[in-house]
2 protein chains.
Amino acid sequence: MTTTKIFEEMASSPAPWLSGEGPDSFAVLSSRIRLARNISEFPFPPAADMEIRQRIMEFVSPAFDKASTLGGGGFYPSDTMDGLSQKFLMERHLISPEFMKGGAGRGIYIGDQEKVSIMLNEEDHIRLQVISSGMSLFDCWEIANKVDDELSGLVEFDFDNRYGYLTSCPTNVGTGLRASILIHLPGLVLTREIDNVLNRISKVGLVVRGFYGEGTDVLGNLFQISNQTTLGRTEEEIIDSLTKVSAQIIEYEKDAQERLMREAPEMIEDKVWRSYGILTNARVLTSHEVMNYLSAIRFGLSLGLIDKSSYKEINELLVITQPAHIQKYYSREMDNTERDMVRADLVRERFNDSGDN
Amino acid sequence: MTTTKIFEEMASSPAPWLSGEGPDSFAVLSSRIRLARNISEFPFPPAADMEIRQRIMEFVSPAFDKASTLGGGGFYPSDTMDGLSQKFLMERHLISPEFMKGGAGRGIYIGDQEKVSIMLNEEDHIRLQVISSGMSLFDCWEIANKVDDELSGLVEFDFDNRYGYLTSCPTNVGTGLRASILIHLPGLVLTREIDNVLNRISKVGLVVRGFYGEGTDVLGNLFQISNQTTLGRTEEEIIDSLTKVSAQIIEYEKDAQERLMREAPEMIEDKVWRSYGILTNARVLTSHEVMNYLSAIRFGLSLGLIDKSSYKEINELLVITQPAHIQKYYSREMDNTERDMVRADLVRERFNDSGDN
């Protein structure tokens, strides 16, 4: 099967991390652990030419077959993927915008159910990612840790006894760990408390980004929150800190939601149902619009105001209505106008199929 | 039964002129003939004090019982109506804003099915109105003419052999006739040709007003078009002229609709269905919003893009969702906020009842 075909099949079955399950899944869509690793004998990817990048891939990728903690996956060099396929993987949170920009000489291992994935030659030689539904950072860490242990027996990582893992960018030196959650905060956005909350977050060494990571817009009231520093603390401390701050943010969100329901219940209910009305009837929908209306319905679900959908359905639609997904799903390239029409069809179909679930 | 009770009953059964029947009813909601008449021995209402206005009513109103061309109606002096009742009658196109402002010493006869109505002491002593569904000015004129003939035998009208009927405002001297149609022109508004068309209309001596007549806003793409002059032409000539111009406007509207469907069918379809989605799901709706969304659905009906409603339903909703109607229908006064919520409930109920008709 060609890479293109494989991705088209993936497009019709959303990733398990969108299942809407796990702790606090009303707010937290997913948890993610990423480890940055490098191989001693090669220069970091930004300083490596094409030939060296190829040698790095040849050196590392055989380990994916050997590792017993991986399995059922496939490795895709970037030169087997067209631009649309790469956009598709980015929408699926499997590769980064950075990886996309890099061009040839890169590759991605995608494990069974997309739970574990490994980018080669992004900013570092190895970027191991584990992603799962709900507030589940320690679960992700447990898996990442096992894969990391096994890989480190197969290829030797660049490790300094004083600093820890050495990385291309100094912000990743140390544990090389980034823990992040994707969280939905419609209540804090609507009460305009979000800026205050985000300010406080940045003061405790956390970073906030949009749905698609660094440099992307905040859409659909979805925020990625992750640790800034990777040095001077253990992996468990970093994850524990993010988990605690997240619990606090979730409390703020709950408070905001309760306050809104006390002060303007009809306004909230109206917003939720109008969004549902538009998504189930529109004939043309941009992906930004879809994200914002899905966000409102998700908000309605968490408040018990609507019973026409589920977290799973909303989470999946957030991803499968993205431009490259639409095109992969229908197996053809489309311009903006056509995409917006096909997207509206897809959204109506999904809502009609789900009925009153 | 008190006046208030009678009006509350009226509120639950929309007027027959909203039936969506008759020629060109896809565009023309209703046709209306109004005759202005005055009684020789009394000053015009603007110059009459309270006592004289009372005497005028006592002099004229007994004729309503005697006239065989009238029947099954009732006469309501303005002092038996509270402000809400008067607003209600205005929304129903039975009294004018002018009548409302006038206060006590006025009255309205409302005939069977609201087809014929007669205001006393608005700007003129007598304002006879006949209204019916679709493009049906000559039908209205026939009825108005008969009632006028009979009334003129019961009370003597101020008539000058040279000028015709004498009226309070010189623009009504002559026939005292105003013919008007209420027309829906979404295509011309959307293609922005409406200003050109309205300019041409004014050059042939016609006047364009909003949904509720003189000095009211154009809402929901609904326009009232009527003759400006009443002097120097026969009633038939005036009506014939308006009928011909209307036929021309209807052609322009059809052209605009066809062009839109050729050039941007998905945009139109989207607009229609979103409006339907919002009306069938919103929890809070202002009357302006309702008019605009109903207008879009009506547009969709005329283009065959939607089968979820009917001209009758849309026409009726345009009137029964107005502020005073909402309050009459639920038999209580409400503030804006409550009205907007109740209005949304009413609209959802009506659409759900009608189903796929």
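Note that residues are indexed from 1 along each chain, following the sequence as it is written. Chains and ligands are labelled by the order in which they are written, letters from A for the one and numbers from 1 for the other. Per-residue local features are limited, in this predicted model, to residues with pLDDT of at least 70; the limit for side-chain atom pairs, both in listing and counting, is 80 or more; totals at the level of whole chains, interfaces and linings are taken over all residues. Here the side-chain values reflect all heavy atoms present in the structure, with hydrogen atoms and water set aside.

Turning to the sheet that holds strand β8 (residues 177–184) of chain B, a few remarks are in order. Residue and element names in this part refer to chain B. Strands were regarded as paired on the criterion that DSSP finds at least two bridges between them. Under the DSSP-based scheme used, a helix requires at least four consecutive residues in state H or I and a strand at least two consecutive residues in state E, with every element numbered from the N terminus. Read from one edge of the open sheet, 8 strands run β2-β3-β4-β5-β1-β8-β10-β9, paired in antiparallel fashion. Each edge of the open sheet carries a strand with a single partner, namely β2 (74–77) and β9 (206–209). The average angle at which neighbouring strand axes cross in this sheet is 20°, direction not considered. Relative to strand β3 (residues 107–110), β2 runs antiparallel, the two being bridged by 4 bridges. In the sheet register, phenylalanine 75 faces β3, and the bridge partner there is tyrosine 109. With axes taken as lines fitted to C-alpha atoms, and helix axes fitted only over the stretch in contact, angles between N-to-C directions fall between 0 and 180 degrees.

All names here are of chain A. A pair is scored as a salt bridge if a Lys or Arg side-chain nitrogen falls within 4 Å of a carboxyl oxygen belonging to Asp or Glu. Evaluated as defined, the whole model comprises 34 salt bridges over all chains. One salt bridge connects aspartate 148 with arginine 37, and the closest N-O pair in it is separated by 2.9 Å. One end of the pair, aspartate 148, is in helix α6 (residues 137–154); the other, arginine 37, is in strand β1 (residues 28–37), with 111 residues separating them in the sequence. For every residue, the accessible area obtained with a 1.4 Å probe (protein chains only) is divided by the maximum for its type, and the residue is called buried under 20%, exposed over 50%, and partly exposed between those limits. Classification of aspartate 148 as buried rests on a relative accessible area of 5%. Here arginine 348 and aspartate 345 are joined by a salt bridge, their closest N and O atoms 3.1 Å apart. Highlighted residues: arginine 348 and aspartate 345, both in helix α14 (residues 336–354), separated by 3 residues, approximately one helical turn. By relative accessible area, aspartate 345 is classed as partly exposed at 33%. The network of salt bridges with shared partners includes Glu122, Glu123, Asp124 and Arg127.

With that out of the way, let us pick up the packing of helix α8 (residues 194–203) of chain B against helix α9 (residues 235–263) of chain B. All names here are of chain B. Relative to each other, α8 and α9 sit at 170°, their axes nearing to 12 Å. Taken together, the axes of α8 and α9 are roughly antiparallel relative to one another. Facing α8, whose interface residues are Val197, Arg200 and Ile201, α9 presents Val245, Ile249 and Tyr252. Oblique is the label for every angle not falling under 35 degrees (roughly parallel), over 145 degrees (roughly antiparallel), or within 65 to 115 degrees (roughly perpendicular). Whether two residues touch is decided by their heavy atoms; if any such pair falls within 4.5 Å, the residues are in contact.

On to the domain arrangement of chain A, then. Residue and element names in this part refer to chain A. Each domain span listed reflects an automatic or database assignment of domains. You can read the domains of chain A as domain 1 (3–258) and domain 2 (264–356). Using C-alpha coordinates to define each centre, domain 1 is positioned 26 Å away from domain 2. The interface is formed by 33 residues belonging to domain 1 together with 26 residues belonging to domain 2. Buried area: the sum, over both parts, of the accessible surface (1.4 Å probe) that disappears when the two are put together. Taken together, both faces of the contact between domain 1 and domain 2 bury some 2,700 Å²; the carbon and sulfur share is 68%. On the domain 1 side of the interface with domain 2, the three residues burying the most area are Leu18, Leu84 and Glu91, jointly 22% of the side's total. Taken together, the links from domain 1 to domain 2 amount to 0 salt bridges. Think of a polar contact as two N or O atoms within 3.5 Å of one another; within protein, one of them needs to be a possible hydrogen donor and the other a possible acceptor, and neighboring residues in sequence only count if both atoms come from side chains. The tally of links from domain 1 across to domain 2 stands at 13 residue pairs in polar contact (both at pLDDT 80 or more). At the level of secondary structure, the elements contributing two or more residues to the side of domain 1 that touches domain 2 comprise α1 (3–12), α4 (83–91), α7 (186–190) and α9 (235–263). Class assignment for the residues of the side of domain 1 that touches domain 2 results in 16 nonpolar, 11 polar and 6 charged. Residue type decides the class: Asp, Glu, Lys and Arg count as charged, Ala, Val, Leu, Ile, Met, Phe, Trp, Tyr, Cys and Pro as nonpolar, and the leftover types, Gly among them, as polar.

Here we come to the side chain of aspartate 340 of chain A. All names here are of chain A. In this fold, aspartate 340 is placed in helix α14. Overall, aspartate 340 belongs to the buried group, its relative accessible area being 14%. For aspartate 340, the contacting residues outside a window of four places in its chain are Arg283, Val284, Leu285 and Thr286.

A word on the pairing of strand β8 (residues 177–184) of chain A. Residue and element names in this part refer to chain A. Counting buried positions along β8 yields 8 of 8 residues, so the element is predominantly enclosed. Burial along β8 is two-sided: Leu177, Ala179, Ile181 and Ile183 and Arg178, Ser180, Leu182 and His184, pointing in opposite directions, are all buried. In this structure, β1 lies alongside β8, joined through 7 bridges in antiparallel fashion. What sits directly across from arginine 32, in β8, is serine 180. By the bridge criterion, 5 bridges tie β8 to strand β10 (residues 222–227) in an arrangement that is antiparallel. Bridge pairing in β10 links isoleucine 181 to isoleucine 225.

Quick look at the relation of the copies chain A and chain B now. Copies are brought into register by a least-squares superposition over C-alpha atoms of residues with pLDDT of at least 70 in both. Here chain A sits on chain B after a turn of 180° about the axis and a move of 0.0 Å along it, with an RMSD of 0.0 Å. Here the transformation between the copies is reduced to the relation of a two-fold axis. By C-alpha distance to the rotation axis, the residue of chain A lying nearest is glycine 277 of chain A, at 2.0 Å. Take the interface residues of chain A: 100% of them recur as interface residues in chain B, which is what a same-surface contact looks like.

A word on the interface of chain A and chain B. How big an interface is tends to be reported as the loss of accessible area on association of its parts. Counting residues at the interface gives 16 residues for chain A and 16 residues for chain B. Of the roughly 1,400 Å² buried between chain A and chain B on both sides combined, carbon and sulfur atoms contribute 58%. Among the residues of chain A in contact with chain B, Arg274, Asn281 and Arg283 of chain A are the three that bury the most area, contributing 40% of the side total. Applying the counting criterion to the chain A and chain B interface returns 4 salt bridges. Across the salt bridge formed by arginine 274 of chain A and glutamate 289 of chain B, the nearest N and O atoms sit 2.7 Å from each other. At the boundary of chain A with chain B, the tally comes to 8 residue pairs in polar contact (both at pLDDT 80 or more). Among the secondary structure elements, those contributing two or more residues to the side of chain A that touches chain B are α10 (265–279) and α11 (287–302) of chain A.

Another point: the packing of aromatic side chains. Each pair of aromatic rings taken from Phe, Tyr and Trp, with Trp reduced to its six-membered ring, is defined by centres within 6.5 Å and is described as stacked if the planes are under 30 degrees apart, edge-to-face if over 60, and tilted in the remaining cases. Applying the stated criterion across every chain yields a total of 20 aromatic pairs over all chains. Each ring, one from phenylalanine 42 of chain A and one from phenylalanine 59 of chain A, has its centre 5.6 Å from the other, and the planes form 70°; the classification is edge-to-face. With a gap of 17 residues between them, phenylalanine 42 of chain A in the loop between β1 and α2 (50–60) and phenylalanine 59 of chain A in helix α2 connect regions that are remote in the sequence. For phenylalanine 42 of chain A, a relative accessible area of 11% puts it in the buried group. Residue classification places phenylalanine 59 of chain A among the partly exposed residues on the basis of a relative accessible area of 34%. Geometrically, the ring pair formed by tryptophan 273 of chain B and tyrosine 276 of chain B is edge-to-face, given 5.6 Å between the ring centres and 80° between the ring planes. Taken together, the residues tryptophan 273 of chain B and tyrosine 276 of chain B, both in helix α10 (residues 265–279) and 3 residues apart, mark about one turn of the helix. Under the relative-accessibility criterion, tryptophan 273 of chain B is labelled buried at 8%. Look at tyrosine 276 of chain B and you get buried, because its relative accessible area is 11%. Taken together, the ring pairs connect Phe7, Tyr76 and Phe88 of chain A into an aromatic cluster. Here, over-ring charges are defined by two tests on the NZ atom of lysine or the CZ atom of arginine: distance to the ring centre within 6 Å, and angle to the ring normal within 35 degrees. Across from the ring centre of tryptophan 273 of chain B, 4.2 Å away, lies the NZ or CZ of arginine 283 of chain A, which sits over that ring.

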